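Take a look at the letters that make up each chain.
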Amino acid sequence: MIMLLTFSSIVSVVGQTKIKGKIIDSKTNEAIPFVNIVVLGTKQGVQTDINGNYTFEIQDKSASKIQFSSVGYQTEIKNFKKELSQTISFKMIPQSKNLGEIVVKAKKDKYRNKDNPAVVLIKKVIAHRDENRKEGFDFYQYEKYEKIQLNLNNIDDNYKNKKAFKNFQFIFDNLDTSKTTGNVSLPLYLKETVADVFFRKNPKEEKAYIKGEKKIGLDQYIDNNGISTYINRLYEDINIYESNISILTNQFISPISNLSPTFYRFVILDTLQFQNMKCVNLGFSPRNPADFAFVGNMYISLDSNFSVRKVKLGVPRSINLNFVNELLVEQEFTVLGNNKLMLSKDEVSIDFGFSQKENKRGILGKRTVSYRNYIINQPIDNKTFTPIQRNVLMSNALDKDESFWVSARHEGLSSVEKGIYKMADSIQQVPAFKRFMTVAGLVLFGYKDFGDFEIGPANTFYSFNPVEGLRLRLGGRTMAKLNPKLYVETYAAYGFKDERWKGYLGVTYNLGNNSIYDFPNNFLRVSYQDEVRIPGQELQFIQEDNILLSFKRGVNDKMTYNKIFRLDYRHESRNGISYELGYKNLIQEAAGSLKFERYSRAEATEGSLYQEKDLTTSELSVNLRFAPNEQFYQGKNYRIPIINKYPIFQLRYTVGINNLLHGDYNYHNLTFRVNKRFFTSPIGYTDVTAEAGKVFGTVPFPLLMIHRANQSYSYQLESYNLMNFLEFASDKYAAIFIDHYFNGFIFNKIPLIKKLKLREVITFKGLWGGISSKNLPENNYSLYRFPEAQDGTPLTYSLADGAYMEASVGISNIFKIFRIDLVKRLSYLDNPNVSEYGIRGRFKFDF
């Protein structure tokens, strides 16, 4: 058990001299990064971090003074007290100082690339970039050990003595103290991974075979696998030699990108010896502190290779980045064969929090990676690169015992890290903690956990719509604790206006080894549902009555009652290939003001209309999906995709069979869809979705492609936000959705506005289609007439007059979580009850 340490400005510690502080500019009050701090009379020294902070312990007991120096500032010498922990913070005074051919000033003199030796140097680094990067080897392989830890930081006595922790004092037995900041933190999560990594140059492939993975967290209450996947996305591998560096789901411009002289300022700090090589210490910072670019320094070898031997990356406080107080990346490289560089040190630390004020509590995340057993330019068997996925989880990787980890770790766990495993198991057994997590689960995830059974989701308990009026619903599902192979989900709902009961019952048999709520799925499900819905709305069946979707604009009383029997088989795999096979029998009954009416004879005559009670379809379907390297967070009843650079392809084929269990029509339905994110750093990224479909056969309008409309006030990404329900239908169509996120690229350059850290969004949605003459009711009187208003005005149209289009401009990151769009409809403005403009909002959490 570790002694509890608490710190204030000065705390007496016998035999130790610890100093911390912060250095800021006397004129601008901005933090000064990379100030050189030296204990006079010794060789001991440190540098301030990107936010001007420093912490270190004096080793020489005879020393009494420390010196602070930085290019462009007056050197300061400060006395310190021996055998005390103390804070020395002050303001450094700017001064002009000649450095070679350039003049560096702390005040805002105009910076130029021309005749700047620092820019000349970085251009040489860029010119030699491909020669120095590890991808220059024909082959390489190595063993990689990764450790990710999340801590609750800034723990003090006031926090520990809160009433809420009365029964949890044992968790404070594992407090950790940062060597760089001196802050005391409480470990919450730890994940270890060991993998063999293989690379070949031609064709270019890199695969990581994960031999062991071990993590600890609150697995009884949250999705540990989902958390792990999301953390991995935040802490991606960082390659300084790439033009763009992905971290925190955003793309940053590398300081050695071809574009770096345009977006960065460079300055030569000094020259030094590192790894027996004379190097230049080159500092850099973004020209616009709000852009997605780094501040830091790097050691560049003064030989013919101009290679990066060491780099330290951080972000300015004013960067347009959410919930991040501090980010620090440190990497060191070792030269192996042919002068290529391989990582020898790789650390990433991120201080997450809602406030940037000092000493505010937040989450401190740290990723540490070590490498060994390098093998260079030895051919690797082609079979190694056969798997589609980049990271291959070996069959027994999650079941390794402690003896494996003792030998697999490149360095042993600290006593604090060992204590995390014990603490996480113990806290989940405390009754008060169980009660807290039960309430938190209901608020955050919508389910009340009773152990073997869950009640929810809570946001569907109450809703309303024009057909049902007030609607109440109650449901739940069994969990793996009751039976890991058999799952039951059900709900019952009642509408007080239509006075009808609705409900759902689904039984799922799990064919896989993990829960059906974990990836990858492998299950067989049989279900029956009696429900009301709006034609053309493809919402998840258990979420259609979400209270937030009850608020809609205009008239939306054209719905259908649906009795659905389904038999589905889903099979997913980690290589990204999945498929679903299904059978569905659907009986649709017109509800509200919607009518299924047609003429009783081939030739329409006055008074020959009659209403059909219902429409029955019986269909078989197959759905193929290819999503290489897909990642997502698996929630209680939905998946949140963690979008990366890889495309997602989906192909669905459905055949409707007449007279199969009372099916009324023969038809074929084929749809294809692809999603892709394009990173366009430094101006953000673009999400593109393209889809197309066709119905083969003669069918009434409920079986056509009824395009996704949105009459709510929320902005829906892949719906048409100014289209009315049932407004357009097609038997063949093509569509494209384009959303570009500038990530503040424009707003960051506008004074005052940039302090709000807003971000710009533009979108375009286009839909092309049509209806074959055989599927138009005016040409085929056996088909249902398209919906009409009470006065006979048509409400459903084909796209015969061209494409439906809409565009929007939006502002996101409002209060860090909200987006608002001004949407403009560009076509079909003469259709009834349409708006040319609309305001829509959307909640969106992002870094």
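Rules used throughout
Residues numbered from 1 in each chain as written. Predicted model: local features only at pLDDT ≥ 70, side-chain atom pairs only at ≥ 80, totals over all residues. Heavy atoms only, no water. Pairing = 2+ DSSP bridges. Helix = DSSP H or I, 4+ residues; strand = E, 2+ residues; numbered from the N terminus. Axes fitted to C-alpha atoms, helices over the stretch in contact; angles between N-to-C directions. Polar contact = N/O pair within 3.5 Å; in protein donor to acceptor, adjacent residues only side chain to side chain. pLDDT = per-residue confidence, 0-100. Contact = heavy atoms within 4.5 Å. Salt bridge = Lys/Arg side-chain N within 4 Å of Asp/Glu carboxyl O. Buried < 20%, exposed > 50% of the residue type's maximum accessible area, 1.4 Å probe, protein only.

(A) Seen up close, the sheet that holds strand 6 (residues 76-79). Spatially, the four strands line up as an open sheet ordered 3-2-5-6, and their pairing is antiparallel. The open sheet has two free edges, formed respectively by strand 3 (45-47) and strand 6, since each of these has just one partner strand. For this sheet the average axis-to-axis angle between neighbouring strands, irrespective of direction, equals 20°. By the bridge criterion, four bridges tie strand 5 (residues 65-69) to strand 6 in an arrangement that is antiparallel. Its bridge partner being in strand 6, F68 is matched across the sheet by E76.

(B) Just the side chain of N813, in detail. Note on placement: N813 falls in strand 46 (residues 804-814). In terms of polar contacts, N813 uses its side chain to reach the side chain of N322, at 2.4 Å.

(C) Inspection of the confidence of the model for the protein at higher detail. Of the residues in the protein, 85% have a pLDDT of 70 or more, and the chain-wide mean is 84. Confidence over residues 1-15 falls short of pLDDT 50; this stretch has 31 contacts with residues more than four positions distant or in other chains. Between residues 97-108, whose pLDDT stays under 50, and residues either more than four places distant or in other chains, the model counts 19 contacts.

(D) Structural view of unusual backbone geometry. For the bond running from N202 to P203, omega is -10°, close enough to zero to count as cis. Topologically, P203 is positioned in the loop between strand 13 (184-200) and strand 14 (205-216). The step from S681 to P682 runs through a cis peptide bond, and the omega angle for that step is 15°. Following the sequence through the fold, P682 ends up in the loop between strand 40 (667-679) and strand 41 (685-696).

(E) Molecular detail of the pattern of salt bridges. A full pass over the atoms with the stated rule returns 41 salt bridges. When the shortest N-O distance is used, the salt bridge between R500 and E589 registers 3.6 Å. A residue pair is termed long-range when its members are at least 10 positions apart, and R500 in strand 30 (residues 500-510) and E589 in strand 33 (residues 577-592) qualify at 89 residues. The class of R500 is partly exposed, set by a relative accessible area of 24%. Residue classification places E589 among the partly exposed residues on the basis of a relative accessible area of 27%. The closest approach of N and O atoms between R708 and E691, which form a salt bridge, is 3.3 Å. Pair noted here: R708 is in the loop between strand 42 (705-706) and strand 43 (729-730) and E691 is in strand 41, with a separation of 17 residues, a long-range link. Each member of the pair, R708 as well as E691, is classed as buried. Ionic contacts of the salt-bridge type, sharing partners, join the residues K144, E146, D237, D346 and R367 into one network.

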